[in-house]
Amino acid sequence: MKSKHILKIFMCTLVTGTILFSSCKKLMDQEPRNSTYDQVFWQNSKDCESALAGNYALLRDVMTSGTFYTSPRYYMYGDAVSTSYLTLQYWGDGLEYIQNGDITGAYNLNSLANWTKYYKAIAMSNLILNKIPSVPDENLKDISNPVKFKQKIIGQALFIRALSYFMMTRVWGDVPLVTTIDEDPITAKHLARSPKADVMKQIEADCHEAAKNLIWGNTTAGEANVTANKGSVYALLAHLYLWRATMTDARSATPNMTDVNSADTTITRIMEDGGYALTDTANYYSTFIGRSREGIFEINASEDSREGSNSSVANMFLRTANIAYNNNNSRAYVTPRYFTTHFFVNKVTEGWVWNEVAWAWEWKSVVTKETDTKDIRFRKNFTDINTDRPTCIKYSNVIYRNPGQKLDAYVSNNIIVFRLSDMRLLQAEIALYKNQVNTATTIINEFRTRNGADVSNQLPSGLTKDAVMNEYVLERGKELYLEGHIFYDLLRTRKYEDFVPWLTSSRFNQEGYYWPVYPALFSNNNLLTQTTYWRGKI
């Protein structure tokens, strides 16, 4: 990708932000807002806020965009790559092939293998970081503290850039690293893919700088959860450290303990200073509607601000019971095997059993597996359990814009990127890397108790590290189902073979979990190379 193409992207981005977030002033009344028009932009607080709003709009577009049919990329990368969790039905676009590890279909390459939208968000961050520091304080007379005002915008732009690069490096590994704007697009140079180690180093640096500019908590209720603060930055850092600790070298199963320790101290800061709290399970759905005290960072998708979605991940599942005019043949359904692997209890019964060898009845204890119907995550997140196509209703806060006729349905559930339960469970993973098996066991049991799981599901002490790691993966799969984490959890913990059949150890060692790059991008960049595993396959 050329820097000059990135510049073209952000030259129109501020108009996008104005359309989506600013007042209802008509577009035809607005001056063009880009780097060519510095004399009429970057002049006051509203300009600065509009730029940041555009940055968030582009981040949201990154996460909600997908293929021709409803398939938000954030969930395709993180959840849908294996039929162990959900099954994608055939709808003509070939999206279902990604569940077999095949990412060569035209629709998938054009959308999910195309990183252009990420660079739009990154370009906007770069523009903000370039322009905001030079906005004169006297132009911010309506702001009580211009210095802190600019720091807050800079911190959020850094976070958005860091999050964008983190999502990219988990999908593609090495990606072009762009941290400046090009004032002269005519002489812009082509950019090669930077090593993922360099990308992660930049993410870390951006996070540390963002944290310096941001505070814990928010200054207004409207900012809660959906604008970045110090807690958002630390949550991103925690994930970065664990990803870097385990995925820098795919051939090694030994985590880098420096990064593991950094993740540990980072999450400790979140727990001590963040002011977050787990949602009472009596209000279970409130976490996923959004803006709960458990939320650390979310993408706003609320109908309260007319930003609900009619093409969210929920639309892939929800049927007539939730959206009146939907039929019952949804694009996606929960794979029944998911329940037998994640929600089960071992029931011990005693009775007379016929022994064919001895040809006699004998009194024996019999262990059978039964579904753990007590777990609130089982009860609240899924319906149609006894069919071959169960559905997920985790995101089912449906609001009709035409309520009288139940038409024009919009799902009003925020995209939950980071939340406190995620951080707490990561502490169990950290404990296992540190060989603190009992600590990890305690954390897992806390979650099972909190969610009302059958008492027989409590882990006993004395289990092996590998056995507890298995249970940890299951617990993440229950707690964070359809939150964009599952595939990455399996990669970090090396438990992918149990749940992602197409990802063999040989393919894993070749980094075959990374996605290819959309071939059309090569026409504009002669330094760009295809992802190693996919060379010669596309």
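As shown above, the structure is provided for reference.
Rules of the game
- Throughout, residues of each chain are indexed from 1 in the direction in which the sequence is written.
- Local features in this predicted model are restricted to residues whose pLDDT is 70 or higher, and side-chain atom pairs enter the listing and the counts only when it is 80 or higher, whereas totals over whole chains, interfaces and linings include all residues.
- Values reported for side chains reflect all heavy atoms of the structure, with hydrogen atoms and water molecules removed beforehand.
- Side-chain atoms within 4.5 Å link the members of a nonpolar core, which is a set of buried Ala, Val, Leu, Ile, Met, Phe, Trp, Tyr and Cys residues.
- Summary of the burial criterion: residues with accessible area below 20% of their type's maximum are buried, those above 50% are exposed, and those between are partly exposed, where the area comes from a 1.4 Å probe applied to protein chains only.
- In this text, helices come from DSSP runs of H or I with a minimum length of four residues, and strands from runs of E with a minimum of two, each type numbered from the N-terminal end.
- In this analysis, two residues are considered to be in contact whenever any of their non-hydrogen atoms come within 4.5 Å of each other.
- Each axis is a line fitted through C-alpha atoms, taken for helices only over the stretch in contact, and angles between the N-to-C directions span 0 to 180 degrees.
- Should an angle lie under 35 degrees it is considered roughly parallel, over 145 roughly antiparallel, and from 65 to 115 roughly perpendicular; all remaining angles are considered oblique.
- In a left-handed crossing the near helix is turned counterclockwise from the far helix by less than a right angle, and in a right-handed crossing that turn is clockwise.
- All residues other than Ala, Val, Leu, Ile, Met, Phe, Trp, Tyr, Cys, Pro, Asp, Glu, Lys and Arg, Gly among them, are scored as polar; the first ten of these are nonpolar and the last four charged.
- Multiplying 1.5 Å by the residue count of a helix minus one yields the expected span of that helix.
- Counting of polar contacts relies on pairs of N or O atoms within 3.5 Å, with two restrictions inside protein: one atom must be capable of donating a hydrogen and the other of accepting it, and residues adjacent in sequence are counted only when both atoms are side-chain atoms.
- Like-charged residues are merged into a patch within 9 Å and nonpolar side chains (Val, Leu, Ile, Met, Phe, Trp, Tyr) within 5 Å, provided each residue has over 30% relative accessible area and no salt bridge.
- Surface accessibility follows the Shrake-Rupley procedure with a 1.4 Å probe radius. Residue values consider only the protein chains on display as shielding.
- Salt bridges are counted wherever a side-chain nitrogen of Lys or Arg sits within 4 Å of a carboxyl oxygen of Asp or Glu.
- Stacked, tilted and edge-to-face are the three classes applied to pairs of Phe, Tyr and Trp rings, where Trp contributes its six-membered ring and a pair requires centres within 6.5 Å; stacked means planes under 30 degrees apart, edge-to-face means over 60, and tilted covers the rest.
- Only when DSSP finds a minimum of two bridges between them are two strands counted as paired.

1. Observations regarding the nonpolar core
For step 1, the next point in the chain: Counting residues in each nonpolar core, the largest one holds 153 residues, and the members touching the most others are Trp115, Trp172, Phe297, Phe317 and Tyr481.
For step 2, the next point in the chain: If you tally residues by element for this core, the top one is helix α7 (residues 146-172), at 15 residues.
For step 3, the next point in the chain: Apart from the residues within four sequence positions on either side, tyrosine 481 is in contact with Tyr85, Leu86, Phe317, Val334, Tyr338, Phe382, Cys392, Lys394, Tyr395, Arg476 and Ile486.

2. Let's talk about the packing of helix α14 (residues 420-433) against helix α16 (residues 465-479)
The axes of two packed helices give the description: the angle between them and the distance between them.
For step 1, the next point in the chain: In the contact formed by α14 and α16, the axes pass within 10 Å of each other and the chain directions differ by 165°. Taken together, the axis directions place α14 and α16 in an arrangement best described as roughly antiparallel. By crossing handedness, the relation of α14 to α16 is classed as left-handed. Between α14 and α16, the residues in contact are Ser421, Asp422, Leu425, Leu426, Ala428, Glu429, Leu432 and Tyr433 and Lys465, Val468, Met469, Tyr472, Glu475, Arg476 and Glu479, respectively.
For step 2, the next point in the chain: Looking at side-chain class alone, the contact of α14 with α16 contains eight nonpolar, one polar and six charged residues.

3. Concerning helix α3 (residues 45-64)
For step 1, the next point in the chain: Its 20 residues give α3 an end-to-end C-alpha distance of 29 Å, which sits within 8% of 28 Å, the value for a rise of 1.5 Å per residue.
For step 2, the next point in the chain: Capping the start of α3 is the job of one residue whose side-chain oxygen sits 3.1 Å from the backbone nitrogen of lysine 46: asparagine 44.

4. A closer look at a nonpolar patch on the surface
For step 1, the next point in the chain: Taken together, Trp352, Trp354, Trp359, Trp361 and Trp363 make up a surface patch of nonpolar side chains, about 740 Å² in accessible area.
For step 2, the next point in the chain: Mapped onto the nonpolar patch, the elements with two or more residues apiece are β4 (344-355) and β5 (360-371).
For step 3, the next point in the chain: Its place among the elements puts tryptophan 363 in strand β5.

5. A short note on the packing of aromatic side chains
Within a pair of aromatic rings, the relevant descriptors are the distance that separates the centres and the angle that separates the planes.
For step 1, the next point in the chain: This structure, assessed with the given rule, holds 34 aromatic pairs.
For step 2, the next point in the chain: Centroid distance tryptophan 354 to tryptophan 361: 5.4 Å. Interplanar angle 70°. Geometry classified as edge-to-face.
For step 3, the next point in the chain: On the basis of relative accessibility, which here comes to 32%, the residue tryptophan 354 falls in the partly exposed class.
For step 4, the next point in the chain: Members of the aromatic cluster, each reached through a chain of ring pairs, are Tyr85, Tyr338, Phe339, Phe343, Phe378, Phe382, Tyr481 and Phe499.

6. Some words on the pattern of salt bridges
For step 1, the next point in the chain: Taken as a whole, this structure holds 35 salt bridges when the rule is applied.
For step 2, the next point in the chain: Salt-bridge contacts for arginine 377 lead to glutamate 479; the nearest nitrogen and oxygen are separated by 3.0 Å. Of the two residues, arginine 377 sits in helix α13 (residues 376-381) while glutamate 479 sits in helix α16, which places them 102 residues apart along the sequence. As far as burial versus exposure is concerned, arginine 377 and glutamate 479 are alike and both buried.

7. Focus: the pairing of strand β8 (residues 398-402)
For step 1, the next point in the chain: Alignment of β8 against strand β9 (residues 407-411), held across four bridges, turns out to be antiparallel. Note that in β9 the partner of isoleucine 399 across the bridge is tyrosine 410.
For step 2, the next point in the chain: The antiparallel hairpin formed by β8 and β9 contains four residues in its connecting segment, where lysine 406 sits at a positive phi of about 50°.

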